[in-house]
Amino acid sequence: MIEKTATEEKVNSKCFEFVQEAGLSRRAFVQLLGTGLLITVTEGISIGQRSRGGGRSIAVAARVHLNRDGTINVMTGKVEEGQGPRAQLSQAAAEELRVPVDRIHLIMSDTGLVPDDGITAGSRTTPSTVPAVRQGAATARELLVRLAADRWKVDAANLNVQDGVITNKKTRQTISYADLAGSSDVAEAFKQSVSSDVALKPVSEWKVLGESVARPNSRDILTGAHHYPSDVVRPNMLYGKILRPPSYGATLQSIDLSKARAMKDVFVFRDDQFVGCAAPSSFLASQALEAVAQTASWRITPQPSGKELFSHLKEHARTGGRSSPRTRGSIDSALASASKVLSETYTLAYVQHTPMEPRAAIAEWNDGKLTVWSGVDGPQRVQGDLARAFDVPSDRVRVIVPDMGGGFGGKHTGEAAEDAARLARAAGRPVAVHWTRAEEFTWAYFRPAAVIECKGGLEANGSLIAWDFTNINAGGSAIDTPYNIANTRILSAGSDSPLRQGSYRCLAATGNNFARESFMDELAAAAGADPLAFRLAHLENSRIRTVLETVAKHFNWAARKKKVTAEIGVGLACGTEKNSVVAACVEVHVDRKRGQIKVNEVCEAFECGPVQNPANLTSQVQGCIMMGLGPALREEMQFEDGKILNASFARYLVPRFEDVPKIDVHLVKKTDIPSAGGGETPIIAIAPAIGNAVFAATGIRLRAMPMQNALRRQLA
Amino acid sequence: MDARITLTVNGDKRTVVTDPQRPLLDVLREQLHVTGPKYGCGEGRCGACTVLMDGRRTLACVVPVGSADKKTITTIEGLADGDRLHPVQQAFLDEGAIQCGYCTSGMILSAVALLNENPRPTDEQIIEGMNGNLCRCNGYTKIMNAVRRAAANIAEVKKP
Ligand code: FES
Ligand code: FES
C-alpha cells in the first residue's frame, strides 16, 4: 500500500539489521553504513549486559570494534538528544585509543548492539559513561599493543601508539589498527573484560577531550538527511492514533467501532480501555478515531483542580516515616533564641518539558520478535517495559533510538512505543504512533509542583543561625543548604500529586534553589546586608564562592547594585547540584503597569570540573538559562476537573527569541577534580536571581513560580 | 473527495491524489517522504514545519495541501547545492547552532526567508523574523549568531 521510495531505502540502510537467519542466541548483525562493514558478535559476549555506565564489567568487544578502513566502532547505550554525548563519547574513545576523533564511529542506543550504560539522565554521561568508554578504549589499546608486542616478540614498553598506528620505537616497525582489524587474535583478546584500573590519560595530557568538537552528524541534521524517531518509515507501515479519555481517571464504558471499521483502509482495534485506529495516513487515522470517539461513553472520576493544588499538596503531605527530616544542632531552640525570625512559603507550579519532537515510536513484529524505533532516554529500560507489557522475553525485544529531539528529562518512559507495539501486533503490520502536541501536553508527565516552607533565624549581628526548610511534593535534590548554619532541619515530604509527575532537567533542584536563594535574599534584607556579602559570610564551599565571586566581578555587581531604580533591578543567586556549581547575576526591567518582567541580562558562571567540550558546554549553559526563564516567568500547567486547560503553545508560553536577554557565560576552570555533567545545574540559579532582582527594583517579593503571574496577582 | 495535486518539491515535480484538506506537512512527510519539515505543534505556533512555498515562508502544518496545488516547495533537503551548503546552513554549522536539531530545519528556512527579504537585518528584525520558531533546547543565542553570520557572509558575497 505504501510505495517503497528512495527515502525509505535510505532510512533502512542507516539502520542495523539483525541477520535474519541467525539464531537468537547467536547475536549477529550486519552494519550497513554504505561501507558494507560486517560485524559479528558471537556467543559468550553479552552485549546487552548492564555496565551501568561503568559499574559491572563488560567485554572489550561489547565496547570497541576495529574496522578494516581504520575507523573504530564504539558502542554505548547512551542516547543523543542534543546534549552532546555523541561528540563527547567519541572524544573519550579517541583520546584513549590515540586516534583523531573522526576515526570514531559511535553506535548509540540500540539494545541489539550496545551495552547498557543506564538511562541518559541525571547528568550521568560525563561522570559515569565517559570513564566507562575511556576504560573500554584504553583496555582495547593496551590489548592491541600487547598483541603487536607478541607478534614482534618485543616488550610492550618499547611500543608507542599514535594516530592508530603502533610503532616499535627501536625498529620503527609499524602496524595499524586497520591492519589488526578482523584478525582472530584481536577477536580473542577483545573477549576480555574491560579493566577498571587501566591507566587513563591525565587531564594535563588531553588532546581530544577538552576540545570543542562539533556534533559528528551535524551535517546530516543541517541538510535534513538525519532521520529522527518520528521520521522512521518501515515497509508497509500504518499510522496509528490512540483514543484518549476526556479527563484524567475517566474509564471507557462503551464504544461503537463500526463506523470506523467501515472506512476504507482503516484498521480499528480495542482491547478493554485501549482503542486505536491505524491507516495509511495519519490524517485518515485521525478521522477514523474521531468517528469512534464520538460514540464513546465514559465514567468520569472527580479530580483535584489547579486552584486547590497547593492546599491539596499540603493536606496530603507525608511527614514522618521515610520522610523524616535531617537535622543539625537544635532548630527549635535556635529559632526561639534568634533575634529575628522569618517564615515564608514558596510555591512552584507544574510545568512541562514540551520537547519540540513529541513522543514517537514505530513498532514492528516479526515472528514474535518486536523491534521498536522510538525517542526514549532509556532504551534498555523501555526494552524491559515492553517485554513485560507483551509478555515476551526481553531478548525478543529490540529498542532502537535514532538521535532524537530533546527530552529534558521528559522522555524516560515508552508510552508511544507501547501504543505502537499494541496496534502493530493487532494489525499485523508496522505501525507508527506520533503523539500530537496536545497529547504530549496532556499525557506525558510534568515537573512536580511544590509547596516549600522556609523558616530562618538571625542573630542580632546578622548571622544566620537557624534554617528550617520543607519541600512538599517536588523531591529532595539540592535540598540541603550549602550555607554554613549551625541549626538546620531539612525535609522532603512526599504528597499526593494531582497530575502525573516525573523527571525534568534538574528536577527538584530548581524549586529548592528558588526557595532557598530567594529566602536567603529575604534574610539578607532583614539583616540589612548586601545579598552577596551575606551569602559569602555564610559560605565555606570554595567552589561556590569562586563562581559567585567570578560572576559578581564580571557583572560588576557592586556598581550596578547602586544603580537600581524602581524599574531596573539586579539580583543574584548561586547553588550546587550533581557535583557542579553555578552562580548568576541578572538585570530585569519591571513594567508595573502591564505586570511584566523582562530579563535584560544574565551573567552566569559555571564550574563542573575539567571541561571536556567547551562549545557544547556553553550551549548547555545558554540552553539552561533560557529554558529556566520559562517556568521562572510564565510557564504553568492550568488544570481543572482532570483536564489540562492550556495544552497548546498558544496558551502555554515557552521562551522565544523575543525573550532572549544578553547572556554572558563564564566557564570556570578547575582541573583537579573529576568532570561532572553540565547539562542541568546551570538551570537552577536563574529563577531566584530574577526574583531577587524584581525585589531590588520594586520591594515586591515574589514567592511563586511562575513569577510574572505572581507579580500580577500582587499588583492587582 | 480526493483531488489530484501537483507540487514541485525541491525541483522535482510530484503528483499526489489525496484529500485536499490534508495538511501539506502530512503529505510531504508521509506521502512524499520528505521528512526535513517537522511536526512540532500542528497549530502554527512553533515553526518546526517551515517550508518555502513559491519562495515565501510557509507553515506546512496549517496549509491544506489543496491550496499548494501547482506551487513550488523548498524544504531543508533542497537548500544545499550538491555538497555545498547554503550560506545559512553553513553559518549554523560554523556557529554550532544545533543541539538536538529538531527545530533546525524550520529555523534555517525561516532565516533563509528573512534574509531573502532583508539581507541586512538588524537584531530587532532578526528577532521579529525568527520569533515564530521555537527551540526547546533553547539554543536561541547561537541561532541568533548564526543568522547574523549568514547575513554578513551573504552581504560579503554580494559585494561587487
Ligand atoms: S508544526 Fe507547524 S508551526 Fe508547529
Ligand atoms: S535544537 Fe533542539 S529544539 Fe532546537
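### Thoughts on the sheet that holds strand S12 (residues 267-271) of chain A
All names here are of chain A.
In step 1: In space, the seven strands of this open sheet follow the order S12-S13-S10-S20-S17-S18-S19, with mixed pairing throughout. A single partner strand is all that each edge strand has here, and the edge strands are S12 and strand S19 (397-400). The mean angle between the axes of side-by-side strands here comes to 25°, regardless of whether they run parallel or antiparallel.
In step 2: In this fold helix H8 (residues 282-293) packs onto strand S10 (238-242) and strand S13 (274-279), with an angle of close to 145° to the strand it touches most, S13.

### So, helix H20 (residues 707-715) of chain A
All names here are of chain A.
In step 1: For H20, the full list of buried residues reads Met707, Gln708, Ala710 and Leu711. Down the axis, H20 shows its buried residues gathered within 155° of arc, on one side only.
In step 2: On its buried face, H20 sits against helix H14 (508-526), strand S25 (580-591), strand S26 (596-607), helix H18 (614-633), helix H19 (686-698) and strand S30 (704-705).

### Considering the interface of chain B and chain A
In step 1: Contacts between the two partners involve 49 residues from chain B and, on the opposite side, 59 residues from chain A.
In step 2: Sorting the residues of chain B by area buried against chain A places His33, Gln99 and Arg136 of chain B first, and these three jointly supply 19% of that buried surface.
In step 3: At the junction of chain B with chain A, the criterion picks out two salt bridges.
In step 4: We note a salt bridge from Asp231 of chain A to Arg29 of chain B, for which the minimum N-O separation is 2.9 Å.
In step 5: Between chain B and chain A we count 25 residue pairs in polar contact (both at pLDDT 80 or more) in total.
In step 6: Only helix H1 (24-31), helix H2 (87-95), helix H3 (104-117), helix H4 (123-130) and helix H5 (140-158) of chain B provide two or more residues apiece to the side of chain B that touches chain A.
In step 7: Ranked by residue count, the leading element in the side of chain B that touches chain A is H5 of chain B, at five residues.
In step 8: For the side of chain B that touches chain A, a count of residues per class yields 23 nonpolar, 14 polar and twelve charged.

### Here we look at the packing of helix H2 (residues 85-97) of chain A against helix H3 (residues 125-152) of chain A
All names here are of chain A.
In step 1: Viewed as axis vectors pointing N to C, H2 and H3 meet at an angle of 35°, and their least axial separation amounts to 8 Å. Between H2 and H3 lies a crossing whose hand is right-handed. Across the interface between the two elements, Pro85, Gln88, Leu89, Ala92, Ala93, Glu96 and Leu97 from H2 touch Thr125, Thr126, Thr129, Val130, Val133, Arg134, Ala137, Ala138, Ala140 and Arg141 from H3.
In step 2: Of the residues assigned to the contact of H2 with H3, the class counts are ten nonpolar, four polar and three charged.

### Some details on unusual backbone geometry
Residue and element names in this part refer to chain A.
In step 1: Of the consecutive residues Met705 and Pro706, the connecting peptide bond is found in the cis state with omega at 5°.
In step 2: Structurally, Pro706 can be placed in the loop between S30 and H20.
In step 3: Residues other than glycine seldom take positive phi values, yet Asp163 does so here, at roughly 55°.
In step 4: By the element assignment, Asp163 lies in the loop between strand S7 (159-162) and strand S8 (165-168).
In step 5: Overall, the relative accessible area of 45% leaves Asp163 in the partly exposed class.
In step 6: Of note in the backbone geometry, Thr354 takes a positive phi value of approximately 40° without being a glycine.
In step 7: Residue position: Thr354 is located in the loop between strand S16 (340-348) and strand S17 (360-366).
In step 8: Look at Thr354 and you get buried, because its relative accessible area is 0%.

### Considerations on the domain arrangement of chain B
All names here are of chain B.
In step 1: We note that the domain assignment places domain 1 (3-78) and domain 2 (87-158) within chain B.
In step 2: The centre of domain 1, based on its C-alpha atoms, is set 21 Å off from the matching centre of domain 2.
In step 3: Opposite the 15 residues of domain 1 that make contact, domain 2 presents 13 residues.
In step 4: Roughly 1,200 Å² of surface becomes buried between domain 1 and domain 2 when both sides are summed, with 56% attributable to carbon and sulfur atoms.
In step 5: The three residues of domain 1 that bury the most area against domain 2 are Leu52, Arg57 and Ile76, which together make up 44% of that side's buried surface.
In step 6: Linking domain 1 to domain 2 there are zero salt bridges.
In step 7: Taken together, the links from domain 1 to domain 2 amount to eight residue pairs in polar contact (both at pLDDT 80 or more).
In step 8: No other element matches strand S3 (residues 50-53), which puts three residues into the side of domain 1 that touches domain 2.
In step 9: Classifying every residue of the side of domain 1 that touches domain 2 by side-chain character gives seven nonpolar, five polar and three charged.

### A few points about the packing of aromatic side chains
Residue and element names in this part refer to chain A.
In step 1: Summed over all chains, the structure comprises 13 aromatic pairs over all chains.
In step 2: Geometrically, the ring pair formed by Tyr248 and Trp443 is edge-to-face, given 5.2 Å between the ring centres and 80° between the ring planes. Here the residue Tyr248 occupies a position in the loop between S10 and strand S11 (251-254), and Trp443 occupies one in helix H13 (residues 437-443), the gap between them amounting to 195 residues.
In step 3: Accessibility expressed as a relative area gives 12% for Tyr248, which makes it buried.
In step 4: Taken together, a centroid distance of 6.3 Å and an interplanar angle of 65° make the contact between Tyr350 and Phe446 edge-to-face. Here Phe446 lies in the loop between H13 and strand S21 (450-458) and Tyr350 lies in the loop between S16 and S17, a separation of 96 residues in the sequence.
In step 5: Among the aromatic residues, those joined into a cluster by ring pairs are Phe267, Phe269 and Phe274.
In step 6: Against the face of Phe274 rests Arg422, its NZ or CZ located 5.7 Å from the ring centre.

### Quick word on the pairing of strand S2 (residues 12-18) of chain B
In step 1: With seven bridges joining them, strand S1 (residues 3-9) of chain B and S2 of chain B adopt antiparallel strand pairing. Directly across from Arg4 of chain B, in S2 of chain B, lies its bridge partner Val17 of chain B.

### Comments concerning the pattern of salt bridges
Residues and elements named next belong to chain A.
In step 1: Scanning the model with the defined rule gives 45 salt bridges over all chains in all.
In step 2: Its salt-bridge partner being Arg560, residue Glu587 comes within 2.7 Å of it at the nearest N-O pair. Taken together, the positions of Glu587 in strand S25 and Arg560 in helix H17 (residues 557-562) put the pair 27 residues apart, joining distant regions of the chain. Exposure class is identical for Glu587 and Arg560. Each is buried.
In step 3: As a salt-bridge pair, Asp672 and Lys670 come within 3.1 Å of each other at their nearest N and O atoms.
In step 4: Taking the relative accessible area as the measure of exposure, Asp672 reaches 61% and is therefore exposed.
In step 5: When salt bridges that share partners are traced, they join Glu96, Arg98, Arg134 and Arg141 into one network.

Conventions adopted
- Residues numbered from 1 in each chain as written.
- Chains lettered and ligands numbered in written order.
- Predicted model: local features only at pLDDT ≥ 70, side-chain atom pairs only at ≥ 80, totals over all residues.
- Heavy atoms only, no water.
- Pairing = 2+ DSSP bridges.
- Helix = DSSP H or I, 4+ residues; strand = E, 2+ residues; numbered from the N terminus.
- Axes fitted to C-alpha atoms, helices over the stretch in contact; angles between N-to-C directions.
- Contact = heavy atoms within 4.5 Å.
- Buried < 20%, exposed > 50% of the residue type's maximum accessible area, 1.4 Å probe, protein only.
- Arc of directions from axis to C-beta.
- Buried area = accessible area lost by both parts, 1.4 Å probe.
- Salt bridge = Lys/Arg side-chain N within 4 Å of Asp/Glu carboxyl O.
- Polar contact = N/O pair within 3.5 Å; in protein donor to acceptor, adjacent residues only side chain to side chain.
- Nonpolar A, V, L, I, M, F, W, Y, C, P; charged D, E, K, R; others polar.
- Left-handed = near helix turned anticlockwise from the far one by under 90°.
- Domains from an automatic or database assignment.
- Phe/Tyr/Trp six-rings, centres within 6.5 Å; stacked < 30°, edge-to-face > 60°.
- Lys NZ or Arg CZ within 6 Å of the ring centre and 35° of its normal.

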